[in-house]
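Survey of secondary and tertiary structure
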Amino acid sequence: MPARSLYIHVPFCERKCNYCAFVSSVPESGERALYLEALSAELSMRAKKHTAPLETCYIGGGTPTMLTPSQWRTLAALLEKNFAFAAGAEVTVEANPNSMTSEHLEVWKEWRVTRVSIGVQSFNDAELSLMGRVHCADEARRAVSRALSFGFDVNADLIFGLPGQTFRSWGLSLREAAHSGLAHISLYQLTPEEGTPWESLGPEELGDGYAPYRWAQWYLPKKGYTQYEIANFARPGHESRHNINYWQNGEYIGAGPAAAGYISGRRYKNIGSLARYAECIKSGALPEAESETLAPEKRAREAAVLALRMSSGICAENFIKEQGLDNYRAVSAAVEKFPHELYEKDACGVRLTKKGMRVANMIWSDII
Amino acid sequence: MKYENIRNFSIIAHVDHGKSTLSDRLLEATGTIDKRNMKAQLLDMLEIERERGITIKSVPVRMDYKAADGREYILNLIDTPGHVDFSYEVSRSLAACEGAVLVVDASQGVEAQTVANSYMAADLDLELLPVLNKIDLPSSHPDQVKKELEEIIGIDASDAVMLSAKTGEGVSDLLERIVRDVPAPSGDASAPLQALIFDSVYDNYRGVICYVRVVNGTLSAGQHVRFMATAQEYELTDVGVFKPDMLSVASLGPGEVGYICASIKTIDEAHVGDTVTDSAKPASAPLAGYKKVKPVVFCGFYPIEREDINQLREALEKLQINDSAISFEPENSAALGFGFRCGFLGLLHMEIAKERLNREFGVDLVATAPNVVYQIVLTDGSIIEAHRPSDFPGQVSITEIREPYIKLSIFMPDRFVGAAMQLCQEKRGTYVGMDYIAPERVRLTYDMPLAEFILDFHDRLKSCTRGYASLDYEHIGFRAANLVKVDVLLQEEPVDAFSFICHADQAYHRGHAVVGRLKELIPRQLFEVPVQAAIGKKVIVRMNIKAVRKDVLAKCYGGDVTRKRKLLEKQKEGKKRMKQVGHVSIPQEAFLAFMDVTKAEDN
C-alpha cells in the first residue's frame, strides 16, 4: 500500500532552545530560499514514485513559522504541484507563538491546513525564559486564541520535569491549556539530550516526573481530553491522524533535511546539514544519510512497540495479518511477563493500562 | 659416617629482615656468581617474588667455599618461602638441612615470623646460627635484639654474627661460622636409598624437576627409583646440582643436595616431603614427616568474559602443574556463570595464584570472597566438608558445625595493645596470653577462627597499629562454633551467590549490611522487590526495592522511529548484561560489590 502521509521538516529556528536536539539552526541569508529550492527537487523525486492521494501531511521543525508567509505560499504550491490530497485530508503545521503571524494563519486557511500545533511549552514566564524560549506566556495565549479564531484544530505542546518547575506551576499550565479551547494537548517530559545545553542536568535537578504525568493522566480526561497515546490527549475525534499513522506502523514520506521516512518497508533518514542536503539533491541523488530495512522479526517487534504507545494497543487481528501469528505470540508473551496491573489482554489484543504507560519505556525495552 | 666437607643450611627470617640480600652476598662471596652477573634477589625467580620481595618457591644453591682452615667445603643453601601459608614446604626444606641461619634485623628486633620459623627449625633439631643484620643502620640496637633472642626464642645470642648484608660487612665471618657450627651431614652410602623431595618445579622441556636431599644411598642417572608415598616408579634421566644453574653430575651421595629428572608429567606425582628410594633395593621405611597438604582457604574464580572459561581452565591446569597445592573444581554461580572453586594454602597463596593467572596466562578474572572449609556433623553422625555456603545441608540435618581455628601471635609496640585486643575480640578471638618481649614490645596470642582472620584481619590490624605489628599463625584444628548459614532472598527466592556463613551473633548485623547494599545496587524494577536475609525459614532482615513509577521516553521526533528503536535496543543491551533471577534483573556490579561487602563492611 503506498504511503498516504507526508512529513516536511523545516530546519530553522529563531534561536535554539536549551533542551532541543532537533536539527535546526538560525537561518542565514539565502538559506530559506536554498531550502525551498532543494525541497522542491526532493519532493519531485519522491513524488514520482508516488500516486496515492495524501490523507495526512505534517509540516514540522524546527520552526515552520520561520518561513515568511510568502515563502509559505511557495511551499504550499510545491506540495500541491507534487501531491494529490484526499478529501478531508489532515494537514498540520507547527508554529511558535512569537513568529506565527496573522498572515501565516491567513495563508494556511487559504491553503488546506486543518491543524495548528503551537509550541506553548508552559504558561509560566519564568519557566519559558529558563528554557530559552523566545516567547512569553501572554504571547502563547494570544497565539492559541488567534489560531482558534481562524477555526483550526489547535494543539499545544507542554513540557514537564523542568528544573525548578513545581507541581503547582505544572498544574496551572495544564489547567490553562484545558480551558483554552484546544482540541489536542501533547505532554513531553524534559529529556536532557546529548549535545544540548541541558545535557549535563542530573536526576536531582529534574525530579522523577511521576507526579506531573500522573496528574495529567487524571486531570485531562476529566476535562474531556482522552489519553490516546503515551504523550497525547485529545477531545474525541480530534486525535492526530498523522501521528496515529506512525504508531500503526503506517508508511510515510519524509522530506527536508533530517526528515525520516518509511517507504516500502524501508526506513530512511535524510542528511541533517542543509548545505550537504542541498548539494546532494543538486547531484541528482536522494539526500539520505541512513536507510534500513528490518528483518521480519525485528520489524514485528518495532511495530509492537509503536502500537503499545497507543491506548488502543496492539490489535491482534491486524498484527497477525501484518506480522504473523508467531510474532504476535512472542510479543504478547513478552508483555505478559510484566505485573498484571501494567497491561490488559483480551481477544482483541494487548494494550498498556494507564499505569503501564507510565513505565512504558521499561516494557518496550524488553520487547524490542 | 660423616660427610665432613658438606654443610646444608637455610636462612630463616621475618619478611624484610634481609634474607634475600644476604643470600645474594653469600653467592658473591663464594664466587658462585660473578659480581657482573649479579642481580638483586637472584634466587627469587618468579616476577611476583621480586616485586613483592617475598620468596614463594624454595631454591637451593650449591656453593664451593675454601675456608680459613684451608679445606674445601660444599655449602648448600636452601632458600625457603617465608610465609606461613607455605609452612609445610618450609618445614620440608628445613628438614633437608642440618643448620639454619636465623637473620634478625638489628633495628627492628624479633618479629612474629622470626619466632615461628625458629621454633620450626628447633623442632627439626637444626643448629640455629643467630645473625644480626643491618648493623650499619644508625637505628640498630644489637644488644637489645640479642636480649630479645635469648628471652623469646631461648638461644644463646652472645656470639651472634654481626653483619650488614647491604655493605657485605661480616659476611665472611658468617661463612666461617657456617663451616664451624653447622653439623656435617651423616648417612650411609651403601644403605638403601632414601632421598627427601623438598620441592619440585615444572619445566616445559624436562617435565617435573624434583629438588632432593640424599640421606642414605646414592642417586645416579639411569637408576630406577620409587616415590614411596605415591608408589610410582621412574627411571632417572638426569641427576645434578645447582650452581645456581642446573649442572648434571654423575651421582649424589648422602648429605648432598641436588635435583633429579625422571620424565614426570605432573607435579602432583612429586609430592613435597615424599621419599625417593631405589626400586630394586627399597628402603624399609620412608623418611619421617610426610603429609599431604590440604587447602584451607577457598574462593571462586570466574572469567570476566564468560566465553573465557576454557582459557581459565587451561591456565589453572598449567598453574597446578607448577603448584600442586592448588585445587580446583568447576562450579556454576547463578550470578557469574561458570567458574572454578579453588582451594589454597592461605590468602597470600590465593593472591599469588590470582596474580599469576593474570600475568602469566593473561586471564582476567573475578575472585569471590574467600571462605574457609567447614566441617559439618550431621544428625546421622557422619561428617561432611563444606567448601562454600551452598554445600551446607538444611538446618535440620545439622548437629554441629566446626570451623578451622588458628593460633595467632602478634608482635607490636605495647601502645597498640588495646586496639589490637579490641580487634581480636571483635573477630571472635579467644585470649591466650600476652608477654613483654622487650620493655615496650609485646607479644599477644589469641586463638581465632580462620574465617575471621581471612576476612580483613590483616588490613585492619595494620591500620590499628599503624603498620607496627607483625603477625604469624599456625593452624590448630577445628572447633565447634555457633555458625549459621544466612540466605539472601530476592522476591522470596534465595540467590545462592549471596549466601554466607557467619557466627549467629553477627547474622543480623551482616545480613543488614548485605541487604542494604543490595537495595542500593539493584535497580528498581517494575514491581516491588523484597530483599531479605534469612536463617533457614526465619527472616531476620527485610527491605524493599521500590517499584519504578515512571519511565517514559515520550517524544517520537517527527516520525524518526529508527532513532527511538536504537535507543530502546541500547537499553535492552544494558538489561541483557544483568542476570535474571526470577523476574529480577541484577547487574553484575551488584555481585561484584557484594564480594566487597563481605570483605570491607561486615565485621
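Heads up: the structure comes first, above all this text.
Presented here is an overview of the structure given in this document. None of these values were measured; they are calculated from a predicted model.

Check the secondary structure of chain B and you find 13 helices and 34 strands. By the burial criterion, 58% of the 603 residues in chain B qualify as buried. A fraction of 69% describes how many contacts in chain B between residues 6 or more apart in sequence connect residues 24 or more apart. Carbon and sulfur atoms make up 49% of the accessible area of chain B, which totals about 24,900 Å².

So, on to the pattern of salt bridges. Residue and element names in this part refer to chain B. Using the criterion set out here, one finds 47 salt bridges over all chains in the structure. Note that Asp447 and Lys407 form a salt bridge whose closest N and O atoms lie 3.1 Å from each other. Taken together, the residues span a long stretch of sequence, with Asp447 in strand E26 (residues 441-449) and Lys407 in strand E24 (residues 398-413) at a distance of 40 residues. You can call Asp447 buried: its relative accessible area is 9%.

Residues and elements named next belong to chain B. Counting through the fold element by element, Leu128 comes out in strand E5 (residues 127-133). Sequence-wise, Leu128 and Ile155 are 27 residues apart; in three dimensions their C-alpha atoms are separated by 8.0 Å. Sequence-distant contacts of Leu128, that is, excluding residues within four places in its chain, are made with Ile12, Ala100, Leu102, Ser118, Ala121 and Ile155.

Let us look at the nonpolar core. Formed by 131 residues in total, the largest nonpolar core has its most connected members in Ile59, Leu79, Trp108, Val116, Leu187 and Leu220 of chain A. Viewed by domain, this core spans two of them, domain 1 (5-247) and domain 2 (296-367) of chain A, each represented by three or more residues. With residues up to four places along the chain from it excluded, the contact list for Leu79 of chain A reads Leu6, Ile8, Leu43, Ile59, Phe85 and Trp111 of chain A. Leu319, Tyr374, Ile401 and Leu471 of chain B belong to the second-largest nonpolar core, a separate cluster that totals 52 residues.

Another aspect to go through is the pairing of strand E32 (residues 538-545) of chain B. Residues and elements named next belong to chain B. Summarising the sheet, strand E31 (residues 529-535) and E32 pair through seven bridges and their orientation is antiparallel. Looking across to E32, one finds that Gln532 is bridged to Arg542. Between E31 and the antiparallel strand that follows it, E32, lie two residues; Gly536 among them carries a positive phi value of about 60°.

Turning to the sheet that holds strand E9 (residues 253-255) of chain A, a few remarks are in order. Residue and element names in this part refer to chain A. Here we have nine strands laid out as an open sheet, ordered E7-E8-E6-E5-E4-E3-E2-E1-E9, and mixed in their pairing. Looking at strand neighbours, the two that pair on one side only are strand E7 (226-229) and E9, the edges of this open sheet. Geometrically, the sheet is characterised by an average inter-axis angle of 20° between neighbouring strands, direction not taken into account. Across the face of the sheet, helix H6 (residues 167-178) comes into contact with strand E5 (153-160) and strand E6 (184-189) while running at roughly 175° to E5.

This brings us to helix H1 (residues 19-29) of chain B. Residue and element names in this part refer to chain B. For H1, the tally of buried residues reaches nine of 11 residues, placing the bulk of the element in the interior. Along H1, the residues that are buried comprise Lys19, Ser20, Leu22, Ser23, Asp24, Arg25, Leu26, Leu27 and Glu28. Within two residues after H1, Gly31 carries a phi angle of roughly 70°, on the positive side.

Attention now moves to the sheet that holds strand E11 (residues 266-270) of chain A. Residues and elements named next belong to chain A. Here three strands make up an open sheet; going across it, the order is E10-E11-E12 and the pairing antiparallel. Both outer strands of the open sheet, strand E10 (260-263) and strand E12 (288-293), are each paired with one neighbouring strand and no more. Taken pair by pair, the neighbouring strands of this sheet meet at an average axis angle of 20°, ignoring direction. Pairing analysis gives five bridges linking E11 to E12, with the strands arranged antiparallel. Bridge pairing links Tyr268 to Ser291 in E12.

Another aspect to go through is the pairing of strand E25 (residues 430-438) of chain B. Note that E25 of chain B and E26 of chain B share seven bridges and pair antiparallel. For Met434 of chain B, the partnering residue across the bridge sits in E26 of chain B and is Leu444 of chain B.

Moving on to the interface of chain A and chain B. The interface is formed by 46 residues belonging to chain A together with 29 residues belonging to chain B. Taking both partners together, chain A and chain B bury about 3,400 Å²; carbon and sulfur atoms supply 58% of that area. Interface area lost by chain A to chain B is led by Asn361, Met362 and Ile368 of chain A, which between them contribute 19%. Counting every contact that joins chain A to chain B gives four salt bridges. For Lys269 of chain A, the salt bridge is made with Asp560 of chain B, and the minimal N-O distance between the two is 2.8 Å. Taken together, the connections running from chain A to chain B amount to seven residue pairs in polar contact (both at pLDDT 80 or more). The leading source of residues in the side of chain A that touches chain B is helix H15 (residues 360-367) of chain A, at eight residues. Broken down by class, the residue content of the side of chain A that touches chain B amounts to 27 nonpolar, five polar and 14 charged.

To continue, consider the packing of aromatic side chains. All names here are of chain A. For the structure shown, the criterion picks out 25 aromatic pairs over all chains. Here Tyr252 and Tyr262 contribute two aromatic rings whose centre-to-centre distance is 6.3 Å and whose plane-to-plane angle is 65°, an arrangement assigned as edge-to-face. A residue pair is termed long-range when its members are at least 10 positions apart, and Tyr252 in the loop between helix H9 (241-247) and E9 and Tyr262 in strand E10 qualify at 10 residues. Judged by centre distance (6.0 Å) and plane angle (55°), the ring pair of Phe319 and Tyr328 falls under tilted. Given a relative accessible area of 6%, Phe319 falls into the buried group. Residue Tyr328 is classed as buried on the basis of its relative accessible area, which comes to 8%. An aromatic cluster is built from Phe167, Trp215, Trp218 and Tyr219, whose rings are joined through pairwise contacts. A cation over an aromatic ring shows up here: Lys337 above the ring of Phe338, its NZ or CZ 5.8 Å from the ring centre.

What counts as what
- Residues numbered from 1 in each chain as written.
- Chains lettered and ligands numbered in written order.
- Predicted model: local features only at pLDDT ≥ 70, side-chain atom pairs only at ≥ 80, totals over all residues.
- Heavy atoms only, no water.
- Helix = DSSP H or I, 4+ residues; strand = E, 2+ residues; numbered from the N terminus.
- Buried < 20%, exposed > 50% of the residue type's maximum accessible area, 1.4 Å probe, protein only.
- Contact = heavy atoms within 4.5 Å.
- Areas by Shrake-Rupley, 256 points an atom, 1.4 Å probe, with all protein chains shown as cover.
- Salt bridge = Lys/Arg side-chain N within 4 Å of Asp/Glu carboxyl O.
- Core = buried A, V, L, I, M, F, W, Y, C linked by side-chain atoms within 4.5 Å.
- Domains from an automatic or database assignment.
- Pairing = 2+ DSSP bridges.
- Axes fitted to C-alpha atoms, helices over the stretch in contact; angles between N-to-C directions.
- Buried area = accessible area lost by both parts, 1.4 Å probe.
- Polar contact = N/O pair within 3.5 Å; in protein donor to acceptor, adjacent residues only side chain to side chain.
- Nonpolar A, V, L, I, M, F, W, Y, C, P; charged D, E, K, R; others polar.
- Phe/Tyr/Trp six-rings, centres within 6.5 Å; stacked < 30°, edge-to-face > 60°.
- Lys NZ or Arg CZ within 6 Å of the ring centre and 35° of its normal.

Distances and angles like these do not, on their own, reveal function.
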